[in-house]
Amino acid sequence: MTNQSIVPSEIAKHFEVHEWRNGLAILSAAHLQEWRDILAVLTGFRLLKSDILKPGGSKGLISSSLDTHFTKLGWVEKKFDTKIVVDTSEYITPTHKVDCYKNRVALEVEWNNKDPFFDRDLNNFRLLFELRAIDAGVIITRCTELQKIFNKLGRGKSFGNSTTHMAKLLPRLDGGSGGGCPVVVFGIREACYVED
């Protein structure tokens, strides 16, 4: 990828990074504060053994932790009220809520959902970009390599092949599921893991 030099080495060490349609260049140039927020949250993130061992419920500790850090930096969960008007006819075009939103950047955390959530997120980014509501989308997920850690901890079945991880996301991203929307994805690597 030509824009990988934009990613600080400490981030590249702890996260696998991919982009679609120059997402890294757009974030780092047109949305510098949001880019700094993302880097700050990722720099401070560590994947704790104790968090992996606790059952997640509706929103796991890892997703909640990341969301909370973004919220502290002014990011908000956002539902968009979208519609298309043709002459006098109005067509409601509902979208799904975005986990974190700030200044035209939409960010989703997909830690351990079913993998069709990637389709939903990328389609949502595509639609919101086409409606000129966002300039870029970001997904934070886990690298497939973490499965070894989950298996070692006896939690492998909870983080199975049909859940959200990088190997499920990349074919969708590279296949153009995000349409024209610039997208950046960060995959949590084994280097983030800490036995606390």
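Whatever comes next refers back to the structure up there.
Below, the structure is looked at part by part. This one's a predicted model, so the numbers in the text were calculated from it and none came from an experiment. Sequence order sets the numbering: in each chain, residues are counted from 1 along the sequence as written. Side-chain atom pairs in this predicted model are given and counted only at pLDDT of 80 or more, local residue features only at pLDDT of at least 70, and totals for whole chains, interfaces and linings cover all residues. Water and hydrogen atoms were dropped before computing side-chain values, which therefore reflect all heavy atoms in the structure.

Right, let's get into the overall build of the protein. Scanning the protein from N- to C-terminus turns up eight helices and 10 strands. Whereas a compact globule of 196 residues would reach a radius of gyration of roughly 16 Å, the protein reaches 17 Å, a difference of no more than 12%. For the C-alpha atoms alone, the extent of the protein along its principal axes is close to 60 × 35 × 35 Å. Counting the 196 residues in the protein, one finds 47% classified as buried. Sequence-distant contacts in the protein: of pairs separated by 6 or more residues, those separated by 24 or more amount to 72%. For the protein, the exposed area adds up to about 9400 Å²; of that, 52% sits on carbon and sulfur atoms. As used throughout, the charge tally considers Lys and Arg to be positive and Asp and Glu to be negative, leaving His and the chain termini uncounted. The atoms used to mark charge sites are NZ of Lys, CZ of Arg, CG of Asp and CD of Glu. Of the side-chain charges in the protein, 26 are positive and 24 negative, and the distance between the mean point of each set is 4 Å. For helices the rule is a DSSP run of H or I covering at least 4 residues; for strands it is a run of E covering at least 2, with both sets numbered from the N terminus onward. The reference for a compact globule is 2.2 Å times residues^0.38; the radius of gyration itself is calculated from the C-alpha atoms. Residue exposure (1.4 Å probe, protein chains only): buried if accessible area is under 20% of the type maximum, exposed if over 50%, otherwise partly exposed. Contact definition: two residues touch when any of their heavy atoms are within 4.5 Å. Method for areas: the Shrake-Rupley scheme with a 1.4 Å probe, in which residue coverage is limited to the protein chains shown.

Relative to the helices and strands, Asn 161 resides in the loop between α7 (147-152) and α8 (166-174). Owing to a relative accessible area of 56%, Asn 161 belongs among the exposed residues under this scheme. In this structure, the C-alpha to C-alpha distance between Asn 161 and Asp 115, residues 46 residues apart in sequence, is 8.7 Å.

This brings us to the environment of Ile 26. Mapped onto the elements, Ile 26 comes out in helix α2 (residues 23-30). Counting along the chain gives 163 residues from Ile 26 to Arg 189, while the straight-line C-alpha distance between them is 24 Å. Excluding anything up to four places from it in sequence, Ile 26 contacts Arg 21, His 31, Asp 135, Ala 136 and Pro 182.

Moving on, we come to helix α5 (residues 61-72). Expected span of a helix, by definition, is 1.5 Å for each gap between consecutive residues, and there is one gap fewer than residues. The end-to-end C-alpha separation of α5 is 16 Å, in line with the 16 Å expected for 12 residues at 1.5 Å each. Within the sequence span of α5, burial applies to Ile 62, Ser 63, Leu 66, Asp 67 and Phe 70. Looking straight down α5, one finds its buried side chains confined to an arc of 130°; they lie on one side. The elements touched by buried residues of α5 are α3 (32-44), β2 (47-48), α4 (49-53), β6 (98-102), β7 (105-109) and β8 (136-142). Directly beyond the C-terminal end of α5, a positive phi value near 95° is found at Gly 74. The arc in question is formed by the directions pointing from the helix axis toward the C-beta atoms.

Here we take up unusual backbone geometry. Not every positive phi belongs to a glycine, and Arg 21 is a case in point at roughly 55°. Assignment of secondary structure puts Arg 21 in the loop between β1 (15-20) and α2.

Two numbers describe how α3 lies on α5: the axes approach to 10 Å, and their chain directions differ by 140°. Between α3 and α5, the angle falls in the class oblique. Read as a crossing pair, α3 and α5 show a hand that is right-handed. Where α3 approaches α5, its residues Asp 37, Ile 38 and Val 41 are matched on the opposing element by Leu 66, His 69 and Phe 70. Of the residues assigned to the contact of α3 with α5, the class counts are four nonpolar, one polar and one charged. The axes used here are C-alpha line fits, helices contributing only the stretch in contact, and every angle between their N-to-C directions lies in the interval 0 to 180 degrees. What sets the label is the angle itself: under 35 degrees gives roughly parallel, over 145 gives roughly antiparallel, 65 to 115 gives roughly perpendicular, and the rest give oblique. For a crossing to be left-handed, the near helix must be turned anticlockwise from the far one by less than a right angle; the clockwise case is right-handed. Throughout, the ten residues Ala, Val, Leu, Ile, Met, Phe, Trp, Tyr, Cys and Pro are labelled nonpolar, Asp, Glu, Lys and Arg are labelled charged, and all others, Gly among them, are labelled polar.

Every case where a carboxyl oxygen of Asp or Glu lies within 4 Å of a side-chain nitrogen of Lys or Arg is listed as a salt bridge. Taken as a whole and judged by the stated rule, the model has 12 salt bridges. With a shortest N-O distance of 2.9 Å, Asp 135 and Arg 104 are connected by a salt bridge. Of this pair, Asp 135 sits in the loop between α6 (116-130) and β8 while Arg 104 is found in the loop between β6 and β7, placing the two residues 31 residues apart along the sequence. Judged by relative accessible area, which is 23%, Asp 135 ranks as partly exposed. Several salt bridges share partner residues, and in doing so they unite Asp 115, Asp 119, Lys 168 and Arg 172 into one network.

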